[in-house]
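A structural walkthrough
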Amino acid sequence: MAISVLCTGGCACGAIRYEIPAEPLASMLCHCRDCQHESGRTFTSAMAVPASAFNITQGNPKSLAVTAASGGTRRRFLWPECGSPLFSRVTTAPDIVTITVGSLDDPSGFPPQMALWVSRAHAWTHRAPALPTWDTQPSVEEVLKMSSDKG
């Protein structure tokens, strides 16, 4: 039985490609300083997927380890030739890969379900008032419950 690919993505120049043959666990806006630094913007739009359902199909992205605001080590994966941030892995959630939604081929189907680290959001940043928010990092269980409650 073949597994169908739910979505695909990669870097801007096409050197790195990936596929995800599973539904995302959650999608979010993250306002933490690490996401601000990574994206060069006021927040990052991301989605969490099971690590077992994330496959790099082309290329070998570079990685950089940073200490996340949550205290865990976050390994950011990117392609330096075109500057594309792609995904990250955090030691506190080893079974999850967090995809940068902008790296998807079609990001339109993955609107945010929640906002994290809003305590780090800039006062002038527009916030989506309908989204549930956390001041810092919720537990993986809280994120998954919130995502499943939203359907």
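Quick summary incoming for the structure in this document. (Residues numbered from 1 in each chain as written. Predicted model: local features only at pLDDT ≥ 70, side-chain atom pairs only at ≥ 80, totals over all residues. Heavy atoms only, no water.)

**Points about the pattern of salt bridges**
The full count for this structure, using the stated rule, is one salt bridge. Of the charged contacts in the structure, one is a salt bridge between Asp 105 and Arg 17, with a shortest N-O distance of 2.6 Å. Linking Asp 105 in the loop between β9 (96-100) and β10 (114-116) with Arg 17 in strand β2 (residues 17-20), this pair joins segments that are 88 residues apart in sequence. Taking the relative accessible area as the measure of exposure, Asp 105 reaches 47% and is therefore partly exposed. Exposure remark for Arg 17: the relative accessible area of 23% places this residue in the partly exposed category. (Salt bridge = Lys/Arg side-chain N within 4 Å of Asp/Glu carboxyl O. Helix = DSSP H or I, 4+ residues; strand = E, 2+ residues; numbered from the N terminus. Buried < 20%, exposed > 50% of the residue type's maximum accessible area, 1.4 Å probe, protein only.)

**Concerning the packing of aromatic side chains**
We describe a pair of aromatic rings using the distance from one ring centre to the other and the angle between the two ring planes. The tally for this structure, following the rule as stated, stands at three aromatic pairs. An aromatic cluster is built from Tyr 18, Phe 54, Phe 77 and Phe 87, whose rings are joined through pairwise contacts. (Phe/Tyr/Trp six-rings, centres within 6.5 Å; stacked < 30°, edge-to-face > 60°.)

**Quick notes on the side chain of Ser 88**
One can find Ser 88 in strand β8 (residues 84-90). At a separation of 3.2 Å, a polar atom in the side chain of Ser 88 contacts the side chain of Arg 74. In this structure, Ser 88 is in contact with Arg 74, Arg 75, Arg 76, Phe 77, Ile 96, Val 97 and Thr 98, ignoring residues within four places of it in sequence. (Polar contact = N/O pair within 3.5 Å; in protein donor to acceptor, adjacent residues only side chain to side chain. Contact = heavy atoms within 4.5 Å.)

**Points about the nonpolar core**
Ranked by internal contacts, the top residues of the largest apolar core, which has 17 residues, are Ile 20, Met 47, Val 49, Phe 54, Phe 87, Ile 99 and Leu 104. Elements with a minimum of two residues in this core: β2, β4 (44-50), β7 (73-79), β8 and β9. Aside from chain neighbours lying at most four places away, what touches Phe 54 is Tyr 18, Glu 19, Ile 20, Val 49, Phe 87, Val 97 and Ile 99. Met 28, Ala 48, Ala 93 and Met 114 belong to the second largest nonpolar core, which has seven residues in total. (Core = buried A, V, L, I, M, F, W, Y, C linked by side-chain atoms within 4.5 Å.)

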